[in-house]
Amino acid sequence: MHESYRQSFAPKQSGDGAALTAMAAELFGDDDEGVSSPSADDGAMAFELTHAMQGLDGVAALETALAEGKPYAVAFIDVRMPPGIDGKETATRIRKLDPNINIVIVTGYSDFSPIEISKAAGPADKIFYIAKPFEVAEVVQTATALAGRWQLDIELAAARQQLADQVVMLEQKGAELAANESHAVHIANHDSLTEAPNRLAFLRALTERSRGKERFATAMLDLDRFKLVNDTLGHLAGDEMIRSVYQLLAASVPEGGLVARLGGDEFGILFDTPGEEAAVMACELMLRACSVTLKVFGHSIQASASMGVVVTEAEPVRDPVDVMRRADLALNESKRAGRGVVRPFDESMDESIRFRRQIESGLSKAIAGGELKLVYQPIVSREGLEVIGFEALLRWNSPEYGPISPGMFIPIAEESNLIHELGDWVIDQSLQEVKNWPDQYVSVNFSPRQFRRQNFVARVMERVQHAGVSPARFQIEITETAIFDDADRAADTLYKLRQMGFRIALDDFGTGYSSLYNIRKFALDCLKIDRSFIDGMGRERESAAIVHSIIHLGRALGLGVIAEGVETDAQVQALRLAGASHLQGYFFSRPIDAIDARRMAEDRFIEGKDDPGDGPALYQAGNGTHG
């Protein structure tokens, strides 16, 4: 049998080989025609045969081939192989070792049914039968077909594995893309500093609530004096403060509410509420929760905030942007009310803010359009009533609205960057005018925001030098608020200004929250007593006491004291007796235009009697307006 396999799979031969082929044909009963074997010449498959005389030998040969990485494609197995295991057991063991091999049972007996062998050595598509006696072509064709199929099965399995690997890779890529998408969505909807929902997420949530059937509140919160923290302690400290405030708000918002960071130091809050009163109470609780002393990088910072809130009814459906605008209007009203408070939205706020925006827009055009001008109010000495300087006061005559009070447009400019452009214009105009006076100085008011501007000293010095004016003829007026918000920085700034020769006046003294003891640390030239105390001197003992205290304090510290708002002869006499060094007010002159100010500067003395004690006459030159 083994020899017949050799002959069946051997290449074509001539001579003795042909004789053996004929003998094989006779053995298998194929007398009528010669048996032809496959050869390389006719393109048939070439086989490498391994012969095993017993089943155990075949199993061992298979194990060795598998170990060497040279598996067999086909195993031809006889059913009877005495002594040792039979064909069924051999096929079973081979199948356990190699699930891919094709098994051909070759037998002339019926010891086992095909079904039995298939159950033991299946699957059925990998087990075949050839009955003895067989023809050479039958064996060769079976081997060729099964070897070809085996090769295809291997390639198919490799392709399937590659496909499976690609599927796994695609699934991993898909999971990675899904994670990236989730991360991108998170980034798009959350603030990177606090991980709070951002403006986009807030607007989306507000849109959903606006379409719902429940009453809800929309609140806007803004930190008070946050810029001061950034300017003095740096942006890292400001960032830490923002994070801390968000955590406090998130912990105190009503259940089911949303706290979002809208940008900068502004937060938006959404929560359900039964009505406006309940909404205001909830906001006050949140405001109280974040009005605490925070420890930031070793510094103690007193946090405080302002809030505006609007309650939206279930019907009608509101435009989310309009709801935010109304809450923002309420927030602006809260800031104007003194900060640290909650203000519910009121319809009257809408017209107010619209007018403020018109003023802001008009003011930006007024600077370039020549609508602004400076008027000057003299500052006179106590003895002799000599004009030693003028305070420059800004006036705006709008083509659309007419004269607009500085008390209206200055705060609006202060809330925007217009204050810097406006301030620079005032400095330049006053410096040009002071050159027309013999030797008087000009006094210019600076807002807290201007005073805290980066490189404030260098900016002012540059403008003074460019105008060719001595710093001694330029007095800088600042309020207590400007210096006591950051006393150490202010002290350093004032010291530099004084070193450069500028005059420094503390304006509206007595109305702020400064400590009389701390006044000593600031480089000042004079204190200006607020006009409210001067006006109350004749009616209130408290006002008179405050005026006397300020005058004595100034004299003790070697500072000049200017009394503002002097309007009567009685006030003049009282202030002279109290020791005020300089006086300013309507009693001497209303604010006058530049031409009249030049004439007054040249005259040097206020017109009046030789004895100042008899009271001077009101200076009436020009058409200065009330200011």
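In case you missed it, the structure is sitting above this.
Per chain, residues are indexed from 1 in the order of the written sequence. Owing to the predicted nature of the model, reporting of local features is limited to residues with pLDDT of at least 70; listing and counting of side-chain atom pairs is limited to 80 or more, with chain, interface and lining totals taken over all residues. With hydrogens and water excluded, all non-hydrogen atoms of the structure serve as input to the side-chain values.

## Examining the environment of A279
Here is step 1: Under the DSSP-based scheme used, a helix requires at least four consecutive residues in state H or I and a strand at least two consecutive residues in state E, with every element numbered from the N terminus. If you trace the backbone, A279 turns up in helix α10 (residues 276–290).
Here is step 2: Here the alpha-carbon distance between A279 and F216, two residues 63 residues apart in the chain, equals 8.5 Å.
Here is step 3: Contacts are assigned to residue pairs with any non-hydrogen atoms lying within 4.5 Å of each other. Sequence-distant contacts of A279, that is, excluding residues within four places in its chain, are made with A217, F271, T273, V309 and V311.

## Section: the sheet that holds strand β3 (residues 127–131)
Each strand in a sheet pairs with another by means of backbone hydrogen bonds, the pair being arranged parallel or else antiparallel.
Here is step 1: Strand order across the open sheet formed by three strands is β1-β2-β3, with parallel pairing between neighbours. Whereas interior strands pair on both sides, the edge strands pair on one side only; in this sheet they are β1 (74–78) and β3. Recorded for the sheet is a direction-independent mean angle of 25 degrees between the axes of neighbouring strands.
Here is step 2: Two strands pair if DSSP finds at least two bridges between them. One ladder, built from five bridges, connects β1 with strand β2 (residues 102–107); its direction is parallel. The residue of β2 that forms the bridge with V74 is N102.
Here is step 3: Seen against the sheet, helix α4 (residues 87–97) touches β1 and β2 and runs at an angle of roughly 160 degrees to β1. Note on geometry: axes are lines fitted to C-alpha atoms, helical ones only across the stretch in contact, with angles between N-to-C directions running from 0 to 180 degrees.

## Let's talk about the environment of N100
Here is step 1: Mapped onto the secondary structure, N100 falls in the loop between α4 and β2.
Here is step 2: Exposed residues in this analysis have more than 50% of their type's maximum accessible area, buried residues have under 20%, and partly exposed residues fall in between, with area computed by a 1.4 Å probe over protein chains only. Residue N100 is classed as partly exposed on the basis of its relative accessible area of 43%.
Here is step 3: Sequence-wise, N100 and V74 are 26 residues apart; in three dimensions their C-alpha atoms are separated by 9.4 Å.
Here is step 4: Excluding anything up to four places from it in sequence, N100 contacts R95, K126 and W150.

## Things to note about the environment of I504
Here is step 1: Here I504 lies in strand β16 (residues 503–509).
Here is step 2: Along the chain, I504 and L524 lie 20 residues apart, while their C-alpha atoms are 5.1 Å from each other.
Here is step 3: With sequence-adjacent residues up to four places away left out, I504 is seen in contact with Q475, I476, L494, L497, R498, A523, L524, D525 and C526.

## Digging into the pattern of salt bridges
Here is step 1: Take a side-chain nitrogen of Lys or Arg and a carboxyl oxygen of Asp or Glu: if they are within 4 Å of each other, that pair is a salt bridge. Counted by the stated rule, this structure contains 28 salt bridges.
Here is step 2: Linked by salt bridges that have partners in common, D322, R325, R326 and E347 make up one network.

## A short note on the packing of aromatic side chains
Here is step 1: Aromatic pairs are defined between Phe, Tyr and Trp rings, using the six-membered ring for Trp, whenever the two ring centres lie within 6.5 Å; interplanar angles under 30 degrees are classed as stacked, those over 60 as edge-to-face, and all others as tilted. For the structure on display, the rule yields eleven aromatic pairs.
Here is step 2: Centre to centre, the rings of F9 and F47 are 5.2 Å apart; their planes meet at 65 degrees, and the pair counts as edge-to-face. Residue F9 is located in helix α1 (residues 2–9), and its partner F47 is located in the loop between α2 (16–27) and α3 (55–67); the two are separated by 38 residues in the primary sequence.
Here is step 3: A relative accessible area of 24% places F47 in the partly exposed class.
Here is step 4: Relative to F456, the ring of F446 has its centre 5.4 Å away and its plane inclined at 85 degrees; by these criteria the two rings are edge-to-face. Taken together, the positions of F446 in the loop between β14 (441–445) and α15 (448–451) and F456 in helix α16 (residues 456–467) put the pair ten residues apart, joining distant regions of the chain.
Here is step 5: According to the relative accessible area criterion, F456 is buried, its value standing at 6%.
Here is step 6: Among the aromatic residues, those joined into a ring-pair cluster are F446, F451, F456, F474 and F502.
Here is step 7: The ring of Y441 is capped by R503, whose NZ or CZ atom sits 4.0 Å from the centre of that ring.
Here is step 8: Placement of a positive charge over a ring is assigned whenever Lys NZ or Arg CZ falls within 6 Å of the ring centre and within 35 degrees of the normal to the ring plane. The side chain of R590 reaches across the aromatic face of Y586, ending 4.6 Å from its centre.

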